[in-house]
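# Summary of structural features
Listed here are the chains, written in short residue letters.
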Amino acid sequence: PKIAALIPAAGSGTRLGRGPKAFVEVGGLSLLARSVVCLSPYVDEVLVALPAGMQLPNGMQARAIAGGDTRQASVLALLQATDADVVLIHDAARPFLPTRVIREVADAAWAVGAATAALPVADTLVQAKENTDWGTLTPREGLWAVQTPQGFRRTALLAAHESAQQEGHAATDDAGLIARLGQRVALIPGDARLFKVTTPGDLALAEAVAAVWDG
Ligand code: CTP
Ligand code: MG
């Protein structure tokens, strides 16, 4: 199958506070460049959704389109810009993609229809009451924290996005749009290094990973 990597990178990075997040550098390389370099060897094309008016840095092996106001809108625009059989959706904000995860997500996407990297939850979970008090303990057995990359047969994800858009359903994640329609999503063991760079503290962690990163 023809495979495309679709990278939503059109966010403004408000919580990080360093301008558009995809262009923030760790270990001398931008978050976006790190994702592109990791994905390129395993796909036929790389498409990136950028903030309106911004361009790809020189030499980046990718095609850019303008993103939307939400991540969901940016992914829909990316889906409409490719004819690939399989799409791998990956947040630019997750700069460290192990090769094993890319391969397993892509294979399962084609075989099952949809697949996502995810990690079994290791911490004790509690539902808070009055915001900051211990409320109800939630058993963590069988709970996974969802990451990206997420892989799909393109036509299935496009249909899921179109129905979500029609119904005004907002989602932070693409696999959830497939699951919502009752279709299977395979959980592929992810990697702690796939954490999302969201806050300034995450940047310090990313610098530490960059110093020892080997894919
Ligand atoms: N994203 C996007 N288009 C948007 C919003 C987000 O392509 N309109 C992308 C971001 O660039 C990022 C991924 O979706 O790669 C996950 O979003 P998030 O971590 O929330 O990044 P930002 O929206 O940039 O950060 P913040 O919410 O702090 O502003
Ligand atoms: Mg955001």
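Throughout, a residue's number is its position along its own chain's written sequence, starting from 1. Just so you know, chain letters begin at A and ligand numbers begin at 1, following the order they were written in. Totals for whole chains, interfaces and linings use all residues, but because this is a predicted model, local features are given only for residues with pLDDT of at least 70 and pairs of side-chain atoms are given and counted only at 80 or more.

As recorded in an unreviewed UniProt entry, the protein chain goes by the name 2-C-methyl-D-erythritol 4-phosphate cytidylyltransferase, listed as coming from Deinococcus puniceus. UniProt positions are given in the numbering used here, feature names are shortened, and annotations may be inferred rather than shown by experiment. Annotation of the protein chain in UniProt includes, under Function (unreviewed entry), the sentence "Catalyzes the formation of 4-diphosphocytidyl-2-C-methyl-D-erythritol from CTP and 2-C-methyl-D-erythritol 4-phosphate (MEP)."

Okay, helix 1 (residues 31-39) next. Counting buried positions along helix 1 gives 8 out of 9 residues, so the element sits mostly inside the fold. Counting other C-beta atoms within 10 Å of a residue's C-beta gives its exposure: the residue is buried at 20 or more, exposed at 12 or fewer, and partly exposed in between, where C-beta atoms are placed from the backbone. Where helices and strands are cited, they refer to DSSP runs of H or I of at least four residues and of E of at least two residues respectively, numbered from the N terminus. Buried residues of helix 1: L31, L32, A33, R34, S35, V36, C38 and L39, and no others. Our contact criterion uses C-beta atoms placed from the backbone: two residues qualify when those atoms are within 7 Å. Summarising the contacts, the buried residues of helix 1 are in contact with strand 1 (3-8), strand 2 (25-26), strand 3 (29-30), strand 4 (45-50), strand 6 (86-89) and helix 3 (99-112).

In this structure, L6 and I7 are the most contacted members of the largest nonpolar core, which totals 55 residues. Here L6 is in contact with L47, V75, L78, L79, T82, V87, L88 and I89, once residues within four sequence places are set aside. We define the nonpolar core as any set of buried residues of the types Ala, Val, Leu, Ile, Met, Phe, Trp, Tyr and Cys, connected via C-beta atoms lying within 7 Å of each other.

The subject of this paragraph is the environment of G28. Relative to the assigned elements, G28 resides in the loop between strand 2 and strand 3. Placed 29 residues apart in sequence, G28 and P57 show a C-alpha to C-alpha distance of 14 Å.

Glancing now at the site of ligand 1. Near ligand 1 lie 22 residues; those nearest to it are P8, G11, T14, R15 and S74. All amino acids are sorted into three groups, where Ala, Val, Leu, Ile, Met, Phe, Trp, Tyr, Cys and Pro are nonpolar, Asp, Glu, Lys and Arg are charged, and the leftover types, Gly among them, are polar. Of the residues belonging to the shell around ligand 1, the class tally is 7 nonpolar, 9 polar and 6 charged. Residue proximity rests on one test: whether the C-beta atom, placed from the backbone, lies within 6 Å of the molecule or strand.

Turning our attention to the pairing of strand 7 (residues 114-120). In terms of burial, strand 7 is a largely internal element, 5 of the 7 residues being buried. Two strands make a pair as long as DSSP finds a minimum of two bridges between them. Sheet analysis places strand 7 next to strand 10 (residues 144-153), joined by 6 bridges and oriented antiparallel. Among the inter-strand pairings, L119 is bridged to a residue of strand 10, identified as A145. Examined bridge by bridge, strand 7 and strand 11 (residues 186-189) share 4 bridges and lie parallel to one another.

This part takes up the UniProt feature "site: Positions MEP for the nucleophilic attack" (unreviewed entry) in the protein chain. Per the UniProt record, "site: Positions MEP for the nucleophilic attack" (unreviewed entry) is annotated on R140 and K196. As for its placement among the helices and strands, R140 is situated in the loop between strand 9 (133-138) and strand 10. Those residues in contact with R140, other than ones at most four positions away along the chain, are V121, T124 and L125. Positionally, K196 belongs in the loop between strand 11 and helix 6 (200-212). Each residue touching K196, except ones within four places of it in the same chain, is listed here: D91, A93 and R94.

Before going further, it helps to spend a moment on the UniProt feature "site: Transition state stabilizer" (unreviewed entry) in the protein chain. With numbering aligned to this structure, UniProt lists the feature "site: Transition state stabilizer" (unreviewed entry) at R15 and K21. Mapped onto the secondary structure, R15 falls in the loop between strand 1 and strand 2. Not counting residues up to four positions away in its chain, the partners in contact with R15 are T198 and T199. Within the element layout of this structure, K21 appears in the loop between strand 1 and strand 2. Residue classification places K21 among the buried residues on the basis of 26 C-beta atoms within 10 Å. If we ignore the near neighbours within four places in the chain, the residues touching K21 are G11, G13, L16, L31, A92, A93 and V197.

Attention now goes to the sheet that holds strand 11. Pairing is mixed in the open sheet, where 7 strands are placed in the order 5-4-1-6-10-7-11. Both outer strands of the open sheet, strand 5 (63-66) and strand 11, are each paired with one neighbouring strand and no more. Taken pair by pair, the neighbouring strands of this sheet meet at an average axis angle of 30°, ignoring direction. Pairing of strand 4 with strand 5, which is carried by 4 bridges, proceeds in the parallel orientation. Following the sheet pairing, L50 is matched in strand 5 by A66. Contacts between helix 2 (residues 71-79) and the sheet are confined to strand 1, strand 4, strand 5 and strand 6, with strand 1 contributing the most and set at about 150° to the helix. Convention adopted: a line fitted to C-alpha atoms gives each axis, helices being fitted over their contacting stretch, and angles between N-to-C directions are expressed from 0 to 180 degrees. Its contacts with the sheet put helix 4 (residues 154-167) on strand 6, strand 7 and strand 10, and the angle it makes with strand 10 is roughly 115°.

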